[in-house]
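Below are the chains, spelled out letter by letter.
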Amino acid sequence: MTATTAAAEVDAEVRGILERVAADSFPPLHAVHHLLSVGVCVPCTFRMFGAFSHVCSCTSLTASVLHSFLEDHDDSAKGGPCSCLSTDEACCSVCFGVLLPTCHQDDGVVSFNGISPIDRITSMVFQAVQRESYQLDEFFLEISLPAVVAANERAIRLHMKEKYGNENWFKDKIFSQQTMSVKEALRLLLVPSLEKKLDVKHGNNSFRIRLTYTHDDASRKLKSLLPNDRNRKRKTESREGTDTRRNSTYEDNQILSETDSFIHKTLECIQDQEFCSLFQLPPEKVFKPCHLVISCLRSPIYIGGRYLKLSRNVSQSCWIIDDERMGEASVEEIIGEDVRTICRGDGCKFHAAGREDIDVRMLGSGRPFLIEVLNARSIPSAIEVEQIAEKINSSEKKYVRVRNLKLVDREIWSMMREGEAEKQKQYAALIWTSRSLTDVDLQKISGVNDMEIVQNTPIRVLHRRSPLERKRIIHWMEIEKVEGSSNYYLLHLCTQAGTYIKEFVHGDLGRTHPSIGAILGCRAEILQLDVTDVKMDLLQ
Amino acid sequence: MAGEALGAPPPLVQEQAARGAAWLDEETRALIAPDAGSLPEAPASAVEANFARYFAADYLNPGHDQYVYRHPNGLCVVGLAPGHVALKEEGGITAVDFNVGKTDRSEIKVTGKRKRNAQHLQENSALCKVCTNDKSFIVRCCVKGSLLEINDRLIKQPNLLNTSSDREGYIAIFMPKPVDWLKIKDKFLSSEDYKSLRGIS
């Protein structure tokens with residue numbers, strides 16, 4: 001087939017499509033022509049008549065093709081050079097060319113020589129993903145458009161209503177169903193190509209590719225037209241400050257995102273009538289396309305397990321007062337750093353089911369914890385997770401150990417929080433009493449069964465917590481004498497979550513009652529405390 | 001089986017020990033087993049270990065000895081030092097009254113992390129009154145700051161002052177501003193100095 005016949009075939013195909021659309025969806029063609037002449041692009045025009053999906057598949061449906069079709073079928077479109085044919089220089093009055101799709105990035109307007117616009121954007125997205133070596137299973141395309149686009153759409157609608165509102169076809173043909181938004185339309189255009197290039201499916205929200213379109217000039221202009229123009233005052237203030245030039249880009253960006261939300265909110269409150277009085281309908285033609293920034297963000301992933309803390313000089317979370325660290329290290333940093341590095345994440349957060357003091361060890365099966373990794377570039381495999389655990393457990397300084405480390409769903413986070421008050425904890429405390437204990441004393445301790453105690457906020461935390469009386473339950477206790485010592489005992493106890501064990505032993509000047517000392521009728525002191533079990537099924 | 005350092009629990013308690021049968025694994029047992037040889041004869045008390053103890057002798061009045069225990073977090077526990085004259089009276093202290101004229105300090109409710117409603121008192125402000133059989137003595141704050149709590153157990157059990165004025169018989173807890181504490185801390189005596197002053201061991 002020769003080039004001309006190929007071209008002719010495409011031509012015929014396009015015309016075929018146009019005939020069908022004209023029959024199904026178009027209003028009288030002079031109305032279509034009018035839209036083109038006020039600067040609305042072909043995709044937006046089709047959108048407004050509910051026929052966008054046809055344009056989607058047909059990249060050669062340019063303004064001139066549509067125009068010649070209109071000329072053929074409608075006399076009013078004929079007759080010499082038409083203003084709508086010069087729209088090749090101006091951008092669409094509604095979408096600023098986003099649906100063509102054009103864009104320009106920081107290095108100037110992108111030229112499309114030889115590559116279709118869709119392929120061009122697809123390549124740019126691909127590069128953004130490759131640059132960070134993201135590992136993908138799926139993606140979601142997020143599109144952010146300047147508020148001006150919504151304003152433009154509304155302006156065109158109102159303009160058409162003004163002009164053709166009384167025609168009997170108006171209600172059926174134009175805006176008859178929910179008009180497809182620019183965002184939806186762009187997604188329809190790009191998703192198939194992206195799916196192919198990235199080789200993964202679109203849908204799941206866990207990895208987001210964001211296309212942020214901005215149009216500074218149009219946004220600023222629109223804002224200045226709106227009532228309650230606080231923006232004007234802010235701009236003059238910033239100019240009066242010292243050396244604004246250096247900071248102006250940053251400030252401008254701040255101002256613009258505030259601009260967008262301000263525009264949205266204000267437009268929502270403005271009725272159609274007021275809208276028409278404030279803005280020029282149809283909107284003025286614009287000659288600059290939108291600026292596009294492509295960014296990727298993975299939603300947080302969670303790696304959980306149980307940790308043991310074997311040192312009495314390591315805090316659970318990073319603890320720094322006045323630039324000085326308390327203790328030698330923290331569980332949070334020891335585990336978090338290794339995890340974050342393997343995942344190549346931007347940062348991590350540590351969550352645990354409860355906590356223990358720096359001088360209290362966490363033994364037994366360990367305490368459930370989660371590391372939330374932000375923007376992980378890759379999701380570790382089961383083997384890699386095992387390797388992280390290996391690394392932590394074989395570290396020289398035996399501060400922390402992890403068990404059952406694995407990748408978990410985000411539901412685990414709320415499961416960890418839920419029912420916190422019911423969780424029981426078990427402890428082993430080394431205590432001293434001011435007199436030797438008799439068998440009767442020991443039985444008193446072992447005989448305890450769900451004993452209620454009242455604890456006033458311990459003095460050691462009273463500076464930062466509310467003064468309250470907290471009722472807590474001591475579920476059971478066991479006590480053994482430490483042979484070879486006098487008056488030392490190992491006290492095992494199982495209590496309700498939130499019980500202050502140290503205060504339960506020494507009484508905190510009588511503010512916890514009953515205390516061990518009070519039960520035995522003597523003075524009791526605590527030397528060491530270990531958590532021996534956190535009774536939770538999670539991450540077991 | 002588990003550790004010679006630990007004696008077996010008394011026979012009468014065996015059935016309760018059963019509830020903890022799956023209690024602790026060997027490794028945990030080994031970790032928690034204390035080294036009997038390294039344990040001191042009598043360990044430091046919770047007060048000694050956790051607070052810096054300061055004493056004021058003859059505060060505004062001869063024989064009115066008081067203590068201030070200061071916690072590293074800034075809170076100050078105030079009470080009667082062993083040498084206080086009221087403790088020497090026949091019959092000891094029989095009543096404690098927090099109503100010192102303008103306000104009844106036992107009525108104030110301090111709430112929240114920000115410690116709302118706390119009274120801001122001066123060092124010389126009256127904190128409470130302690131009564132013996134035939135006399136009464138005013139106890140002063142000794143510390144300038146917010147009064148967070150008074151020991152209302154003293155109202156029903158004034159005898160706590162006689163048996164353990166240094167612990168359960170404490171009188172009140174204050175939160176001074178760091179600046180205010182620095183101004184007064186050097187006026188106090190250490191525990192040793194106070195003991196030698198009063199001839200207590």
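Sequence order as written defines residue numbering, which begins from 1 separately in each chain. Written order determines the labels here, with chains lettered from A and ligands numbered from 1. Local features are withheld for residues below a pLDDT of 70 in this predicted model, meaning they are given only at 70 or higher, and side-chain atom pairs are given and counted only at 80 or more; totals for whole chains, interfaces and linings count all residues. Water and hydrogen atoms were dropped before computing side-chain values, which therefore reflect all heavy atoms in the structure.

Peer 1: With reference to specific residues and values, describe helix α2 (residues 29-37) of chain A.
Peer 2: Residues and elements named next belong to chain A. The buried fraction of α2 amounts to eight of the nine residues, a majority that puts the element mostly inside the structure. Three labels apply to residues, based on accessible area from a 1.4 Å probe with only protein chains included: buried if under 20% of the type maximum, exposed if over 50%, partly exposed otherwise in between. Helix and strand definitions here come from DSSP, where helices need a minimum of 4 consecutive H or I residues and strands a minimum of 2 consecutive E residues; each element is numbered from the N-terminal end. Leu29, Ala31, Val32, His33, His34, Leu35, Leu36 and Ser37 are the residues of α2 that are buried. The secondary structure elements touched by the buried residues of α2 are α3 (42-48), α5 (63-73) and α7 (147-164). Following α2 by one or two positions, Gly39 adopts a phi angle in the positive range, close to 100°. When checking whether two residues touch, look at their non-hydrogen atoms; a contact exists if any pair is within 4.5 Å.

Peer 1: Break down the packing of helix α14 (residues 331-343) of chain A against helix α15 (residues 382-393) of chain A for me, with residues and values.
Peer 2: Residues and elements named next belong to chain A. Where α14 meets α15, the axes come as close as 10 Å, and the angle between the chain directions of the two elements is 145°. For the element pair α14 and α15, the recorded crossing hand is right-handed. Facing α14, whose interface residues are Ile334, Ile335, Asp338, Val339 and Ile342, α15 presents Glu384, Ile388, Lys391 and Ile392. Orientation is described by lines fitted to C-alpha atoms, with helices fitted over the stretch in contact, and by angles between N-to-C directions that extend from 0 to 180 degrees. Note: crossing handedness is left-handed where the near helix turns anticlockwise from the far helix by less than a right angle, and right-handed where it turns clockwise.

Peer 1: Could you give an account of the environment of B:Lys185, with specific residues and numbers?
Peer 2: Residue and element names in this part refer to chain B. As for its placement among the helices and strands, Lys185 is situated in the loop between α7 (178-184) and α8 (191-198). Since its relative accessible area comes to 30%, Lys185 is described here as partly exposed. Taking the C-alpha atoms as reference points, Lys185 and Phe55, 130 residues apart in sequence, are found 9.9 Å from one another.

Peer 1: Any chance you could break down the packing of aromatic side chains for me, citing the residues and the numbers?
Peer 2: Any Phe, Tyr or Trp ring, taking Trp's six-membered ring, that has another such ring centre within 6.5 Å forms a pair; planes under 30 degrees apart are called stacked, those over 60 apart edge-to-face, and the others tilted. Summed over all chains, the structure comprises 10 aromatic pairs over all chains. Arranged with centres 4.8 Å apart and planes meeting at 10°, the rings of B:Phe55 and B:Tyr194 form a pair that is stacked. Taken together, the residues B:Phe55 in strand β1 (residues 52-56) and B:Tyr194 in helix α8 connect sequence positions 139 residues apart. Each member of the pair, B:Phe55 together with B:Tyr194, is buried. Consider the rings of B:Tyr67 and B:Tyr69, whose centres lie 4.0 Å apart with planes at 10°: the pair is stacked. Taken together, A:Tyr307, A:Phe350 and A:Phe369 form an aromatic cluster joined through their ring pairs. Over the face of the ring belonging to A:Phe126 we find A:Lys197, whose NZ or CZ atom lies 4.8 Å from the ring centre. Remark: a charge is flagged as sitting over a ring if the NZ atom of Lys or the CZ atom of Arg is within 6 Å of the ring centre and within 35 degrees of the ring normal. The ring of A:Trp413 has A:Arg417 lying over it, and the distance from NZ or CZ to the ring centre is 5.3 Å.

Peer 1: Would you mind going over the confidence of the model for chain B in detail, with residue names and values included?
Peer 2: Residue and element names in this part refer to chain B. Confidence along chain B averages 87 in pLDDT terms, with 89% of residues attaining 70 or more. Low pLDDT, under 50, characterises residues 1-5; the predicted model gives this stretch seven contacts beyond four residues in sequence or across chains. Taken together, the chains of this predicted complex give a pTM of 0.79 and an interface ipTM of 0.88. pLDDT: the predictor's confidence for each residue, scored from 0 to 100.

Peer 1: Tell me about the domain arrangement of chain A, and name the residues and values.
Peer 2: Quoted interface sizes are often the accessible area lost when the parts come together. Residue and element names in this part refer to chain A. Note that domain bounds follow an automatic or database assignment of domains. What the domain assignment lists for chain A is domain 1 (10-103 + 116-227 + 250-297), domain 2 (300-421) and domain 3 (425-534). The interface of domain 1 with domain 2 comprises six residues on the first partner and six residues on the second. Defined here as a combined quantity, buried area equals the accessible surface (1.4 Å probe) lost by two parts on assembly, summed across both. For the pairing of domain 1 and domain 2, the buried interface totals around 540 Å² over both sides, and the portion due to carbon and sulfur atoms is 35%. On the domain 1 side of the contact with domain 2, Glu132, Tyr134 and Gln135 bury the most area, a combined 70% of that side's loss. A pair is scored as a salt bridge if a Lys or Arg side-chain nitrogen falls within 4 Å of a carboxyl oxygen belonging to Asp or Glu. On inspection of domain 1 and its partner domain 2, the count reaches one salt bridge. A salt bridge links Glu132 to Arg377; the shortest N-O distance between them is 2.8 Å.

Peer 1: Describe in detail a positive patch on the surface, supporting the description with residues and values.
Peer 2: Residues A:Arg355, A:Arg464, B:Lys113, B:Arg114 and B:Arg116 make up a contiguous surface patch of positive charge. Here B:Lys113 lies in the loop between β4 (95-97) and β5 (119-121). The class for B:Lys113 is exposed, based on a relative accessible area of 58%. Each patch is built from salt-bridge-free residues with over 30% relative accessible area, joining like charges within 9 Å and nonpolar side chains (Val, Leu, Ile, Met, Phe, Trp, Tyr) within 5 Å. Here the open area of atoms and residues is found with the Shrake-Rupley method and a 1.4 Å probe, where only the protein chains shown may cover a residue. Positive charges are assigned to Lys and Arg, negative charges to Asp and Glu, while His and the chain termini are left out of the count. The location of each charge is read from NZ of Lys, CZ of Arg, CG of Asp or CD of Glu.

Peer 1: Please give an account of the interface of chain A and chain B that cites residues and values.
Peer 2: Counting residues at the interface gives 48 residues for chain A and 46 residues for chain B. Carbon and sulfur atoms make up 61% of the surface buried where chain A meets chain B, a total of about 4000 Å² over both sides. Taken together, chain A and chain B are joined by four salt bridges. In this structure, the salt-bridge partner of B:Arg29 is A:Glu480, at a minimum N-O distance of 3.4 Å. Definition of a polar contact: a pair of N or O atoms within 3.5 Å, with one able to donate and the other able to accept a hydrogen when the atoms are protein atoms, and with sequence-neighbouring residues admitted only if both atoms are side-chain atoms. In this structure, the connection of chain A to chain B is made through 14 residue pairs in polar contact (both at pLDDT 80 or more). Within the residue set of the side of chain A that touches chain B, elements represented by two or more residues are β13 (361-374), β15 (424-433), α17 (439-446), β17 (469-481), β18 (488-496) and β20 (524-535) of chain A. Element by element, the count of residues in the side of chain A that touches chain B is highest for β17(A), at five residues. Taken together, the residues of the side of chain A that touches chain B sort by class into 18 nonpolar, 16 polar and 14 charged. Polar here means any residue other than Ala, Val, Leu, Ile, Met, Phe, Trp, Tyr, Cys and Pro, which are nonpolar, and Asp, Glu, Lys and Arg, which are charged; Gly is therefore polar.

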